[in-house]
Amino acid sequence: MELSPPVKPPRGVKPVKETSGLLMSVIRTLSSSETNEQRDKEKSKLESEYKNCDKKLDELVSKHEVDLAKVMQQFASISQIVSDNRLKIAKVKENLQDCKRKLRCRRDELRNLWLEGLEYKYMLQLLEEIEKMSQVPDRLSNFMSHKQYLHATELLVEAVTLGKNTLEGVESLKELSRELEQKKEQLHLQLFTELKEHLFTRPAQRILALRRQESGRENFMINSPLQRSTELRLSRNRMTVRRNILESAQKLDNFNVVEDLTTTNPEENSYHFIVILIKCLALLDKLPFAVNRIKEEMQVFLLGIIQRTTQHIKDFAGLQTETDYKHALKELVQTLFEQFKEVAEAQTVFLRNIEVHNSQVNTYNIQFYWTQVQNVVEILLNEYLDVQNTSTESQVINNSDVNDLSSYFGRRKQPIKKKSLFKFDSSSSALTLSSSLKSTKNDKILVCKPHSNNILIVFIPFMCFIEDIEQVLGQNGPCQLHRFITQYVSEVYLKRKSDEIIEQIETAVRATDAWKATVLLDCTADYKPLLVSSVSVERCIREWKAVLQALPIYSERIAVYSCKALKEYKDTCFAAYSGIVQPHSEDRRICSAAWLKDEDISRFLKSLPNWVNLKAQQEYHARSERIRRPLRRDQRSEEESPEDVRKRNRREAEILASNLGEGGVTSSEILSDMALLKELAQLQESMEWFSVRMFQYTSEFRQEPTGLSPSKPDNDVEGIAPVSGAILQQLTSLAQEFDELANTCLLLLHLEVRVQCFHYLLAQTHLNRETHEPDPKVLELSRVLANVDEAVTSSLHPRKCKYIFEGLGHLIAKILISSAQYLQTIDEAGIQRMCRNIFALQQTLTNITMTRELALDHARHYFELFFLTPEEILNGIVEKGPEFSELEYMNAFQLLNRSQADRDLGSVNVHLERLSDILGEVGMTV
């Protein structure tokens, strides 16, 4: 039926309230009316209203005729249904009354039948249970073969419970019950074995498979250094996988685990399988037993992981070279650390689900697991670092002072041998114990030989691992493993390494040929032999450099030990230098060495252009080597003219001539032994090479820390820890002292050659005027220069040889020209003799420097002036300009005057005055 919605009355108009008092009001009106006329009026009014009402009713009926018909039909059907149900209920009541009457008649019979039905039902139930018990062994075997342990455990627990309770009295099932009891005991042992497998063995195997897959080659080992970015990416991938697995495992924390019988591999999800095993053990009431066994034998399980992983790496690594063994050890520790982390994830799932299932089980926490890991890692370190033998050796070393030279050379006290009266070595118990110890020793599987240097390979990976452990444990101080490694490195390894290196240095420098034996490190022309002792010491410093790179956080201690070793070697080098330059007693000093002790002279020589140019070339060479660009030998920005070369060398020649030209040099003041000069050259080359290596080594301590650690990611732990400024200054000063010693040796060679020129050229000898050969001293000087060249060429770099001999022609020319003032007379034979001397020296220097010495041509031109008269010399100055200095012209005029038979002092003065006037007008340019 459709109903029209209510219509809201217009605002301000109150709806007419219909009340039941309307009829009563009409009745009172009719009864109170006095005349019929009023009653008729009221009656007509009512009739008209009834007509209107009927009219409206007819309209409504006609309008809703269909709905009314439908309602009437439904009402009629409902009324019929209610009537039928009343009849049926009445009939049921009658039947119930009839049944009640009949049941009262056979109550006892029905009770007996009901009891009999219960007995039959119980017998059927027993039969079903017996049938089920008979099927238990087959079903149990099926579940066990498919490793569906949850169903097997529930089936076995249910069967054992039936055998003990309901079917306890069944004689035929007693043997089956005992068999099931035995299977129950076997099942919990098998479950424990599976749990141990998935808590320790399977995680370790997963890591082995991952690392072998990541290696990208058939061999398991990664023989090339791992790129840090690759390690970080792989580590992040593993962490993502672990996080996903843990999230799926956390969904099982409510312990409503379900075992899927349709899966082909129940062990595919290892964490889900662990939860199933926990529930199985809980159903068997063996969960406390399993937890206690794992807690007691955890160290054994972890050692088993180490042994299996070691054997695996040893089988797949193909160990042949020393590098292979180092990579194998590094791969071993990195693999073990990944395995321990993977086992920790399994332990977390295991412990969390135990707490969820039964909080009353006396379990352990994850901190206990990491403590056990630290214990087994310490055992691993003890084996690979050979800690036991190292500690024994360190005790022996501490008992004797290594730095005491007297104890080194002194006779050592022999230990007293204690003789025992009898021994038990051949007894049966001793033989048994010895064989067991040998078998235990043989059972140890190591990827490399135990040695204390193995700490350099594993330190950085260990510090990364320690950082992870400390983060998990959440403790403020360092963990147990951190303390162990710190104590070993600082108290044992670094001290032992320092003693070893000092002993190696002492052995190298105390050898009989320590300052004579050489070795050629590079066969190229620019590299010369180096002292074997210097190379040995540099190799020792390289060992410290390797230690620094491997143990970056101990840079301060390494720098201190390096300073200690370098100071001893520096003192030895300076002593060796003193032994070369002072071969005799103190009263017989070497002129060149005595000069170099004067700081002013040394500073003067270093300020000369020759030295500055040499150092600039060395710096250019070093910079070219650093950037690996091709270097042209003795490359210069531009070629120098002869005039530039003369100006560069003139100042040095003048200074040396003014200091050595007057007094001369005796034979005791020069180094006449060429072997000493060669030793000095070798010392110079070695000290310069060694100082460069020391500057490079010092720069290692100035590197800024870099983040390398894969755990931060990358331990790194790994930037070199800052070193105090005082230690850095000591290292830098030591490197500078080695460089200064090299400079001193080179300056000494440079100066010694010039001192010997003064010694031979200024020596007064008796001349044989009949011979046409140069003077004996000149010939001896030529021989000495050739021998010096031979000695230094085989020991020094070409540019250093050039520095030694460059400018020597200017000095010889200066000495020869200055010697004119010491000659009493000169004649044509004397002039020719001086020209022969100059030619011989010029030929010798040309063979050495491979360039024509123009300065000696200048000296020869000077002595050719003595063929001329003073007037011819003065006219030549006016025409061509001055070629020599005023003092040199004055000495020439005076020598010409002394050489004349009739000496006239007045004519000399006239010539000198005219010379002064001419030079004043022309201007001195020489």
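Residues numbered from 1 in each chain as written. Predicted model: local features only at pLDDT ≥ 70, side-chain atom pairs only at ≥ 80, totals over all residues. Heavy atoms only, no water.

Peer 1: What is the right way to read the side chain of Thr309 from this model?
Peer 2: Summarising the element assignment, Thr309 is placed in helix H9 (residues 287-317). Relative accessible area serves as the criterion here: at 1%, Thr309 is assigned to the buried category. Side-chain polar atoms of Thr309 contact the backbone oxygen of Ile305, separated by 2.8 Å. A distance of 2.9 Å separates polar atoms of two side chains, one belonging to Thr309 and the other to Gln339. (Helix = DSSP H or I, 4+ residues; strand = E, 2+ residues; numbered from the N terminus. Buried < 20%, exposed > 50% of the residue type's maximum accessible area, 1.4 Å probe, protein only. Polar contact = N/O pair within 3.5 Å; in protein donor to acceptor, adjacent residues only side chain to side chain.)

Peer 1: Help me out: how do you make sense of unusual backbone geometry in this one?
Peer 2: Residues apart from glycine generally show negative phi values, whereas peptide bonds are mostly found in trans. Even without a glycine there, the phi angle at Lys147 is positive, about 55°. Topologically, Lys147 is positioned in the loop between helix H4 (107-145) and helix H5 (149-164). Here Lys147 falls in the partly exposed class, since its relative accessible area comes to 24%. The phi dihedral of Met850 falls on the positive side, at around 60°, and the residue is not glycine.

Peer 1: What is the right way to read the packing of aromatic side chains from this model?
Peer 2: Given two aromatic rings, their pairing is described by the distance between the two centres and the angle made by the two planes. Counting across every chain of the model gives 22 aromatic pairs. Note on Trp544 and Tyr561: the rings are 5.9 Å apart at their centroids and 10° apart in plane angle, and the pair reads as stacked. A residue pair is termed long-range when its members are at least 10 positions apart, and Trp544 in helix H17 (residues 532-550) and Tyr561 in helix H18 (residues 555-581) qualify at 17 residues. Of the two residues, Trp544 and Tyr561, both sit in the buried class. Look at Tyr862 and Phe866: their rings are 5.7 Å apart centre to centre, the planes differ by 90°, and that puts the pair in the edge-to-face class. Neither residue differs from the other here; Tyr862 and Phe866 are each classed as buried. By way of ring pairs, the aromatic residues Phe337, Phe340, Tyr369, Trp370, Phe462 and Phe465 are connected into one cluster. Over the ring of Phe368 we find Lys295, and its NZ or CZ is 5.7 Å from the ring centre. (Phe/Tyr/Trp six-rings, centres within 6.5 Å; stacked < 30°, edge-to-face > 60°. Lys NZ or Arg CZ within 6 Å of the ring centre and 35° of its normal.)

Peer 1: Whenever I open this one, the pattern of salt bridges confuses me. Can you help?
Peer 2: Side-chain pairs of opposite charge can arise where the charged atoms are in close proximity. Applying the stated rule across the entire model yields 27 salt bridges. The partner of Arg542 in a salt bridge is Glu538, and the shortest N-O contact between them spans 3.0 Å. Of this pair, Arg542 and Glu538 both sit in helix H17, 4 residues apart, which is roughly one turn of that helix. Note that Arg783 is salt-bridged to Glu780, the shortest N-O span being 3.7 Å. Taken together, the residues span about one helical turn, with Arg783 and Glu780 both in helix H25 (residues 776-793) at a distance of 3 residues. Judged by relative accessible area, Arg783 falls into the partly exposed class, the value being 45%. Through salt bridges with shared partners, a single network forms among Lys147, Glu194, Glu197, Arg202 and Glu267. (Salt bridge = Lys/Arg side-chain N within 4 Å of Asp/Glu carboxyl O.)

Peer 1: Help me understand the packing of H17 against helix H23 (residues 674-700) in this model?
Peer 2: In a packed pair of helices, the relevant descriptors are the angle between the two axes and the axis-to-axis distance. At a closest axis distance of 11 Å, the pairing of H17 and H23 adopts a crossing angle of 5°. Taken as axis vectors, H17 and H23 run roughly parallel relative to one another. The segment H17 lies against H23, with Ser534, Val535, Val537, Glu538, Ile541, Trp544, Lys545, Leu548 and Gln549 engaging Ser686, Met687, Trp689, Phe690, Arg693, Met694, Tyr697 and Glu700. (Axes fitted to C-alpha atoms, helices over the stretch in contact; angles between N-to-C directions. Parallel < 35°, antiparallel > 145°, perpendicular 65-115°, else oblique. Contact = heavy atoms within 4.5 Å.)

Peer 1: Any chance you could explain the packing of helix H20 (residues 599-607) against helix H24 (residues 725-761) here in plain terms?
Peer 2: Running from N to C, H20 and H24 point in directions that differ by 85°, and their axes come no closer than 11 Å. Comparing the axis directions of H20 and H24 gives the class roughly perpendicular. Across the interface between the two elements, Ser602, Leu605 and Lys606 from H20 touch Glu740, Asn743, Leu747 and Leu751 from H24. Along the lines of polarity and charge, the residues of the contact of H20 with H24 split into 3 nonpolar, 2 polar and 2 charged. (Nonpolar A, V, L, I, M, F, W, Y, C, P; charged D, E, K, R; others polar.)

Peer 1: Please clarify how the nonpolar core should be interpreted in this entry.
Peer 2: Note that soluble globular proteins tend to have their nonpolar side chains buried in a common cluster. By size, the foremost hydrophobic cluster in this structure holds 225 residues, and its most contacted members are Phe340 and Phe350. A total of 20 residues in this core trace back to one element, the largest contributor, which is H24. In contact with Phe350, other than residues within four places in its own chain, are Leu195, Leu199, Ile274, Ile278, Val291, Ile294 and Tyr364. (Core = buried A, V, L, I, M, F, W, Y, C linked by side-chain atoms within 4.5 Å.)

Peer 1: Can you walk me through the confidence of the model for the chain in this structure?
Peer 2: Interpretation of this model should avoid reading the predicted coordinates in detail wherever pLDDT is low. With 76% of its residues at a pLDDT of 70 or more, the chain has an overall mean of 77. Within the chain, no element has a lower average pLDDT than helix H13 (residues 405-409), which sits at 33, and none a higher one than helix H11 (residues 366-384), at 91. Under a pLDDT of 50 for its full length, residues 244-254 has, in the predicted model, 14 contacts with residues more than four places off or in other chains. A low-confidence stretch, residues 628-638 stays under pLDDT 50, and its non-local contacts, those more than four residues away or across chains, total 15 contacts. (pLDDT = per-residue confidence, 0-100.)

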